[in-house]
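Spelled out from the first residue to the last, the chains are:
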Amino acid sequence: MKNLIFNFSLFICLSLSSNELILSPKNILDVNNGEIYTADILIKDGVIKKIGKNLSSNTNIEVINLRNMTLIPGLMDAHVHLIGNNELNGYESLAESTQMATLYGVKNAKNTLMAGFTTVRNVGAGEFADVALRDAINNGIIDGPNMFVSGPALSITGGHGDNNLLPYSHNHDHGDHYIVDSPWEARKAVRLNRKFGADLIKFTATGGVMSKNTDVNARQFTSQEMISIVDEAHSHGMKVAAHAHGLEGIITAIKAGVDSIEHASYINEEGIKLAIENGTYLSMDIYVSDYILGEGAKKGILEESLAKERIVGKIQRENFKLAQSKGVLMVFGTDAGIFNHGDNAKQFKYMVRWGMTSLEAIQAATINTAKLFGIEERVGKIEEGYQADIVGVSANPLDDISVLESTLFVMKKGKVYKKYSDSLK
Ligand code: ARG
């Protein structure tokens, strides 16, 4: 019996100490103000317990030497599509099973995490594959970022989320989107999404670039329908993301009370003012245009989409600059899934080129995105009490934003997923 007690206490000791570790970096970026300082970070049970000088000397806690790195909070992307093989374009994905799409999701989730994106919002997935992916990650079955998921996005008949111009004989429901055409159908779709585990609601308030026979400038859903979606979602504490390129859709969605406008390409001064007054976040994917126009034809993106992109991309960037100069709430959202998962950070230099300081671009992907997700009290900063989502890069990203494209160290909830030596293998 004595022996048993001894063994038991030894076991507790070991397991407690293995929950603690210390990161000893060259320096840390304070994303609140851009200051760089030198300190060690003590992590326990996935949370940052203490930040201070020389915590790593005279200790028997495991120390991870990161003296060649600057640490920043784990990055966040508010607009990704992890489910599916992103090489499929046009209607090729109609031949992809949900099972196969989900398996690609496993790979995509890992690539996203390894790139330093520790939290993402997945906006639109068929048959709740995103719910399964999120839960598998949370249960430690597979590696991936923290996920907020929408389940199927809501679209009108013939809208951005529908499969348009197929023969009438193919006119059957597909799990990818809910096709809803009235306020009550909209409420029911929100309720179903909640029932099956979605965290948030996504709907398409205008046509899109990648959909067939839709006009990016045409509003989709009536004001009443949008109000119903938002009211139903908010009454359950769910946030709402509205895909909207054209101005009328943007304004109608903001007035209906959505939490974020995705793309926001044709936003103008009036729309920006309205977004500021309503506290609406803009998630403007200003990198993807160059990818679509550069690689799209080779990858099988429809000519109709390329033609739309030639117009939308430029306008979106100019309006990003305008919105930023007016002080809108801007988050980091990329539409990864059109381009390869893991290339998300390529958008940073575009945000800087189009009017942000490097610090503002990093804040968009940390502090601001955390606020949109409603997790700013525990995620998005390197501070005591925050979740240990931490990324290491080779230099101060305020001097060279492109270092974010090749992270050397990735930790999520206190667990190390990538260390520089791993990436050399
Ligand atoms: N999913 C979006 C759509 O199909 C992609 C837009 C990409 N283009 C852009 N300039 N952001 O509408």
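Please refer to the structure placed before this passage.
Residues numbered from 1 in each chain as written. Predicted model: local features only at pLDDT ≥ 70, side-chain atom pairs only at ≥ 80, totals over all residues. Heavy atoms only, no water.

Novice: Tell me about the layout of surface pockets, residues and numbers included.
Specialist: In this structure, the second largest pocket spans a volume of roughly 160 Å³. In this structure, the second largest pocket is lined by Thr-119, Arg-134, Asn-138, Asn-146, Met-147, Phe-148, Asp-199, Ile-375, Arg-378, Val-379, Gln-387 and Lys-413. Counting residues per element, the ones that place at least two in the lining of the second largest pocket are helix 3 (129-138) and strand 8 (146-149). With 3 residues, the top contributor of residues to the lining of the second largest pocket is strand 8. Along the lines of polarity and charge, the residues of the lining of the second largest pocket split into 4 nonpolar, 4 polar and 4 charged. (1 Å grid on protein atoms, 1.4 Å probe; cavity = no way out; pocket = protein on both sides within 12 Å on 5 of 7 lines; lining within 4 Å. Points joined across faces, edges and corners; volume = space filled by probe spheres on them. Helix = DSSP H or I, 4+ residues; strand = E, 2+ residues; numbered from the N terminus. Nonpolar A, V, L, I, M, F, W, Y, C, P; charged D, E, K, R; others polar.)

Novice: Just give me the short version of the site of the ligand, but keep the residues and values in it.
Specialist: If you check the shell around the ligand, you find 16 residues, and the closest are Val-209, Met-210, His-245, Glu-309 and Asp-335. One of the backbone N or O atoms of Val-209 is found 2.8 Å from an oxygen atom in the ligand. Within the backbone of Met-210, one N or O atom sits 2.8 Å away from an oxygen atom of the ligand. Against a free-state accessible area of 340 Å², the protein chains account for coverage of 96% of the ligand. In terms of residue count, the dominant contributor to the shell around the ligand is helix 9 (residues 303-326) (4 residues). (Near = heavy atom within 4 Å. Polar contact = N/O pair within 3.5 Å; in protein donor to acceptor, adjacent residues only side chain to side chain. Areas by Shrake-Rupley, 256 points an atom, 1.4 Å probe, with all protein chains shown as cover.)

Novice: Talk me through the pairing of strand 7 (residues 117-122); I want residue IDs and the actual numbers.
Specialist: Most of strand 7 sits out of view: 6 of its 6 residues are buried. Of the strand pairs in this sheet, strand 6 (residues 75-80) and strand 7 are connected by 4 bridges, and their pairing is parallel. Directly across from Asp-77, in strand 7, lies its bridge partner Val-120. Inspection of the sheet shows strand 7 paired to strand 8 by 4 bridges, in the parallel sense. Within the sheet, the bridge partner assigned to Val-120 lies in strand 8 and is Met-147. Read as a crossover between parallel neighbours, the route from strand 7 over helix 3 to strand 8 is right-handed. (Buried < 20%, exposed > 50% of the residue type's maximum accessible area, 1.4 Å probe, protein only. Pairing = 2+ DSSP bridges. Right-handed = clockwise from strand over helix to strand, strands pointing away.)

Novice: Any details on the packing of aromatic side chains? Residues and values, ideally.
Specialist: For the structure shown, the criterion picks out 8 aromatic pairs. On the numbers, 5.6 Å between centres and 80 degrees between planes, the contact of Phe-203 with Phe-221 is edge-to-face. Residue Phe-203 is found in strand 11 (residues 200-204), and its partner Phe-221 is found in the loop between strand 11 and helix 5 (223-235); the two are separated by 18 residues along the sequence. An identical accessibility class is assigned to Phe-203 and Phe-221; each is buried. (Phe/Tyr/Trp six-rings, centres within 6.5 Å; stacked < 30°, edge-to-face > 60°.)

Novice: I'd like a description of the nonpolar core, backed by residues and values.
Specialist: In terms of nonpolar packing, the biggest core is built from 85 residues, with Leu-154, Phe-203, Ile-229, Ile-261, Leu-282 and Phe-348 touching the most fellow members. Contact partners of Phe-348, with chain neighbours within four places excluded, come to Leu-75, Phe-117, Phe-332, Ala-361, Ile-362, Ala-365, Ile-401 and Leu-404. Listed in part, the 19 residues of the second largest apolar core include Leu-21, Ile-43, Leu-408 and Phe-409. (Core = buried A, V, L, I, M, F, W, Y, C linked by side-chain atoms within 4.5 Å. Contact = heavy atoms within 4.5 Å.)

Novice: Lay out helix 9 in plain terms, naming residues and giving numbers.
Specialist: For helix 9, spanning 24 residues, the distance from its first C-alpha to its last is 35 Å, which sits close to the expected 34 Å at 1.5 Å a residue. Along its length, helix 9 reaches its greatest deviation from straightness, about 30 degrees, at Glu-309. For helix 9, the complete set of buried residues consists of Ser-305, Leu-306, Lys-308, Glu-309, Val-312, Gly-313, Gln-316, Arg-317, Asn-319, Phe-320, Ala-323 and Gln-324. At the C-terminal side of helix 9, Gly-327 shows a positive phi close to 85 degrees. (Expected span 1.5 Å × (residues − 1). Bend = angle between axes of the 7 residues up to and from the residue.)

Novice: Can you lay out the pattern of salt bridges for me, pointing to particular residues and giving the numbers?
Specialist: Two side chains bearing opposite charge may form a pair once their charged atoms approach each other closely. Scanning the entire structure with this criterion turns up 16 salt bridges. Its salt-bridge partner being Glu-87, residue Lys-299 comes within 3.5 Å of it at the nearest N-O pair. Residue Lys-299 is found in helix 8 (residues 288-299), and its partner Glu-87 is found in the loop between strand 6 and helix 2 (98-114); the two are separated by 212 residues along the sequence. Classification of Glu-87 by relative accessible area gives partly exposed; the value is 37%. Of the charged contacts, one joins Glu-232 and Arg-187 as a salt bridge, the two residues approaching to 2.9 Å between their closest N and O atoms. Taken together, the positions of Glu-232 in helix 5 and Arg-187 in helix 4 (residues 183-195) put the pair 45 residues apart, joining distant regions of the chain. Among the charged side chains, a network of salt bridges with common partners joins Arg-187, Arg-191, Asp-231 and Glu-232. (Salt bridge = Lys/Arg side-chain N within 4 Å of Asp/Glu carboxyl O.)

Novice: Explain helix 4 residue by residue, including any values.
Specialist: Relative to the 18 Å expected for 13 residues at 1.5 Å per residue, helix 4 spans 18 Å between its end C-alpha atoms, a close match to the ideal helical length. What helix 4 keeps buried is the set Ala-186, Arg-187, Ala-189, Val-190 and Asn-193. When helix 4 is viewed along its axis, its buried side chains cluster within an angular range of 160 degrees and face the same direction. Every exposed residue of helix 4 that faces more than 90 degrees away from the buried side is listed here: Trp-184, Lys-188 and Lys-195. Of the surrounding secondary structure, the elements contacted by the buried residues of helix 4 are strand 9 (153-155), strand 10 (177-179), strand 11 and helix 5. (Arc of directions from axis to C-beta.)

That is the geometry; function is a separate question.
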